[in-house]
Amino acid sequence: MSSSELQYITELGGQRLLPVPNTDLENRTSIFKRLQLMRDKAYAWFKFDIHCFETVTIPEQFRRYGNTFLVNGHLCLFNQEEQSAKIFPILPKPSQQTIERDWSPGSLCSIPNADCIDVFMDPAQNLIAIAYIILSGWLEGSHSIYIDLGVLDGDGVHPQAAGRTLFLSNTGSRDDILASDNLMLDIFGRHIAFRHDRFNEEDQEIWWLQIWDWQHSTTSSCVLSDTIINPEGGESFDFCFLGNDRLLTVGKDLKLYSIEDLSQAPQLLACFMMPVSVTSIQLVPMDDDIAHSSQLQMQAQLTMWTSDPTNRILSLVTHIRSAGSNSFTFVISTRIFFDLQVGVFEGMMSIPWECWGPLNARIFPHHLRCRVGVSGNRALHTFPSTGATVTVGDEGLSDDTDYKLYLMDFSPLAVERRQGLGIVVTEPSTIQITESAEKLTTSLPYVSVVSDRTFNADQLMDIWVDKDRIYLPKPKIEDPDSDSIGQLEVIDI
């Protein structure tokens, strides 16, 4: 093994990346050049120049925030009222393979009297999943849900799909669909998930989740369900995939499941308890590049490495019991969810926060107008431009408070690659919850860089990160208080 190859392997591990085999770039790029590109990109992040950007305008009929999502450099849009959809690349690079398509009202599904309730697109796999029910108008009653799979760049069944339609299990959802129900699709590599939420007469939230391996079967017994007793207190449910065989559900605590065998219900591996003061948890969406590490038809020309699902970060926004409006952001290393055989965890189904959290997390103050985005081992977080390190909650913050964007890199090589930029944080930090007298100490090391660019609280609706790009959704200029996205600011790192 040459010196360059050894350095390349070391760099991949230090940045918590995996090589993507058999790509066009890899085949024509030397090991030395790959190593230099990787180091240059890491340094570019530490320079964190976010002053240069381009702006993309969102089509008027797709500006509702909840129906807009970013996947693999493409903006995917769905208008349920009009039964229309659109996908287009965002400022594509010359070598990038892209898909652009419009579905006019009523053209998404060819089934008569079908009403599409959600759409998810995955350009890396040329896949569109459409969830629909059959009805005449919206009549509450007994309606079965179907999920059809197709290609984005044409018509017909996806060539890798086990069949045109995925069928829900009898335990995977309810037939009596209500207009107030929350129905949502998600795609992660070979997995498709369908989530159904509903409030019952006691104001409890009931949720169902079913997962398919869409390339191998149109049916599945991989179903989870539960009831949230206190949704008004902030308690909620969310989930994310961790690689191809693990699922993490987020509620009062974090539950880790094996989904290696989709012919049976997910198998609980461990429950990671959160601090006693935490009353609710919101999962911050992650970039999805790890879903496509083995299915890189469209990414092949663009990347030579991808995030390691066993060594990246996820972020949670939590609320604290009896603390008014105070909230905190937890940044957690996923390595803890792949290392269950350590002596201290052996035989433990429920793992107390004190046993797993302090060494594998960092906690930051968070309030209503903060925004968070995560990608790989990097987290982006807005803080008030003054008092950012001490401000907790919304007290004392006016509507015209300015915010700055912070980059936090949790990869082991961040200290070396920063080349004097940023601040290295290795000392433990402690947050004390006055009402419960609980002290939360965390010590996951990271490097922090703050941008000198400021934002008004109303300027940022969210932060999306997709590989080496930052996307900042902006509200409509004529109606800044609405939940509609008017423009998307695109920053190349």
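Cut-offs used in this document
- Residues numbered from 1 in each chain as written.
- Predicted model: local features only at pLDDT ≥ 70, side-chain atom pairs only at ≥ 80, totals over all residues.
- Heavy atoms only, no water.
- Helix = DSSP H or I, 4+ residues; strand = E, 2+ residues; numbered from the N terminus.
- Contact = heavy atoms within 4.5 Å.
- Areas by Shrake-Rupley, 256 points an atom, 1.4 Å probe, with all protein chains shown as cover.
- Buried < 20%, exposed > 50% of the residue type's maximum accessible area, 1.4 Å probe, protein only.
- Lys, Arg positive; Asp, Glu negative; His and termini not counted.
- Salt bridge = Lys/Arg side-chain N within 4 Å of Asp/Glu carboxyl O.
- Polar contact = N/O pair within 3.5 Å; in protein donor to acceptor, adjacent residues only side chain to side chain.
- 1 Å grid on protein atoms, 1.4 Å probe; cavity = no way out; pocket = protein on both sides within 12 Å on 5 of 7 lines; lining within 4 Å.
- Points joined across faces, edges and corners; volume = space filled by probe spheres on them.
- Nonpolar A, V, L, I, M, F, W, Y, C, P; charged D, E, K, R; others polar.
- Patch = residues over 30% accessible without salt bridge, like charges linked within 9 Å, V, L, I, M, F, W, Y side chains within 5 Å.
- Axes fitted to C-alpha atoms, helices over the stretch in contact; angles between N-to-C directions.
- Parallel < 35°, antiparallel > 145°, perpendicular 65-115°, else oblique.
- Left-handed = near helix turned anticlockwise from the far one by under 90°.
- Core = buried A, V, L, I, M, F, W, Y, C linked by side-chain atoms within 4.5 Å.
- Pairing = 2+ DSSP bridges.
- Phe/Tyr/Trp six-rings, centres within 6.5 Å; stacked < 30°, edge-to-face > 60°.
- Lys NZ or Arg CZ within 6 Å of the ring centre and 35° of its normal.

What the protein contains, in helices and strands, is five helices and 36 strands. Pairs at least 24 apart in sequence give 59% of the contacts found in the protein among residues at least 6 apart. For the protein, the accessible surface area stands at approximately 21200 Å², while carbon and sulfur atoms represent 48% of it.

Our next topic: the side chain of Asp148. Tracing the sequence through the fold places Asp148 in strand 10 (residues 145-151). Buried charge without a salt bridge: Asp148, with Arg164 as the nearest opposite-charge side chain at an N-O distance of 4.8 Å. At a separation of 2.7 Å, a polar atom in the side chain of Asp148 contacts the side chain of Thr165. If near-sequence neighbours (up to four positions away) are discounted, Asp148 is found in contact with Ile111, Ile128, Ala129, Ile130, Tyr132, Arg164 and Thr165.

What follows is about empty space enclosed by the protein. Counting across every chain of the model gives one cavity of 30 Å³ or more. Considering only enclosed or pocket space, the largest cavity measures out at about 40 Å³ in volume. Every residue along the wall of the largest cavity is listed here: Arg369, Arg371, Thr382, Tyr403, Phe455, Asn456, Ala457 and Leu460. Grouping the amino acids of the lining of the largest cavity by side-chain chemistry returns four nonpolar, two polar and two charged.

Residues Met1, Leu6 and Ile9 make up a contiguous nonpolar surface patch of roughly 350 Å² in combined accessible area. If you trace the backbone, Ile9 turns up in helix 1 (residues 3-14). In this structure Ile9 comes out as partly exposed when scored by relative accessible area, which is 47%.

Closest axis-to-axis distance for the helix 1/helix 3 (residues 31-47) pair is 9 Å, and the angle between their directions is 30°. When the axes of helix 1 and helix 3 are compared, the pair comes out roughly parallel. Judged by the sense of rotation from one axis to the other, the crossing of helix 1 with helix 3 is left-handed. For the pair helix 1 and helix 3, the contacting residues are Ser4, Glu5, Gln7, Tyr8, Glu11 and Leu12 in the first and Ile31, Phe32, Arg34, Leu35, Met38 and Arg39 in the second. Counted by class, the contact of helix 1 with helix 3 contains six nonpolar, two polar and four charged residues.

Turning our eyes to something else, we now look at the nonpolar core. Ranked by internal contacts, the top residues of the largest apolar core, which has 38 residues, are Leu108, Met121, Ile147, Leu149, Ile192 and Phe194. Elements with a minimum of two residues in this core: strand 3 (68-71), strand 4 (74-79), strand 5 (84-89), strand 7 (114-122), strand 8 (127-134), strand 10, strand 13 (182-188) and strand 14 (191-199). For this core, the leading source of residues is strand 8, giving seven residues. Residues in contact with Ile192, not counting those within four places in the same chain, are Leu127, Ala129, Leu149, Leu166, Leu185, Asp186, Ile187, Gln210, Ile211, Trp212 and Trp214.

What follows concerns the sheet that holds strand 35 (residues 469-475). Taken in spatial order, the four strands make up an open sheet running 2-36-35-34, and their pairing is antiparallel. The open sheet is flanked by strand 2 (54-57) and strand 34 (464-466), the only strands paired with a single partner. In this sheet, adjacent strand axes meet at a mean angle of 25° when their direction is disregarded. Relative to strand 36 (residues 485-492), strand 35 is paired through seven bridges, and the arrangement is antiparallel. Its bridge partner being in strand 36, Leu472 is matched across the sheet by Glu489.

This part is about the environment of Asn311. The topology assignment puts Asn311 in the loop between strand 22 (305-307) and strand 23 (313-320). On the basis of relative accessible area, Asn311 is assigned to the buried category, the value being 18%. Between the alpha carbons of Asn311 and Asn377 there is a distance of 7.8 Å; along the sequence they are 66 residues apart. Apart from the residues lying within four places of it in its own chain, the contact partners of Asn311 are Arg16, Thr334, Arg335 and Asn377. A polar contact is formed between the side chain of Asn311 and the side chain of Arg16, at a distance of 3.3 Å.

Tallying each qualifying case throughout the model produces 14 salt bridges. Arg453 serves as the salt-bridge partner of Glu489, at 2.7 Å between the closest nitrogen and oxygen. One end of the pair, Glu489, is in strand 36; the other, Arg453, is in strand 33 (residues 446-456), with 36 residues separating them in the sequence. On the basis of relative accessibility, which here comes to 3%, the residue Glu489 falls in the buried class. One salt bridge in this structure joins Lys474 and Glu489, with 2.9 Å as the shortest N-O distance.

As a further point, take the environment of Pro445. Summarising the element assignment, Pro445 is placed in the loop between strand 32 (438-442) and strand 33. Setting aside chain neighbours within four positions, we find Pro445 in contact with Phe410, Val425 and Thr426.

Turning our attention to the packing of aromatic side chains. One pass over the structure, following the stated rule, counts 16 aromatic pairs. Taking 6.0 Å as the distance between ring centres and 90° as the angle between the ring planes, the aromatic pair formed by Phe239 and Phe241 counts as edge-to-face. Between Phe330 and Trp353 the ring centres are 5.6 Å apart and the planes differ by 75°, which places this aromatic pair in the edge-to-face class. Highlighted residues: Phe330 in strand 24 (residues 327-333) and Trp353 in helix 4 (residues 353-360), separated in sequence by 23 residues. The same class applies to Phe330 and to Trp353, which are both buried. Pairwise contacts between aromatic rings join Phe188, Trp207, Phe237, Phe239 and Phe241 into one cluster. Sitting over the face of the ring of Tyr8, Arg34 holds its NZ or CZ atom 5.5 Å from the ring centroid.

Here we take up the sheet that holds strand 27 (residues 372-375). In spatial order, the strands read 27-28-29-33-30; together these five strands make up an open sheet with antiparallel pairing. The open sheet terminates on both sides in strands that have one partner only, identified here as strand 27 and strand 30 (423-425). Ignoring strand direction, the axes of neighbouring strands in this sheet form an average angle of 30°. Where strand 27 and strand 28 (residues 378-384) come together, four bridges link them in antiparallel fashion. Residue pairing across strands places Val374 opposite Ala379, the latter belonging to strand 28.

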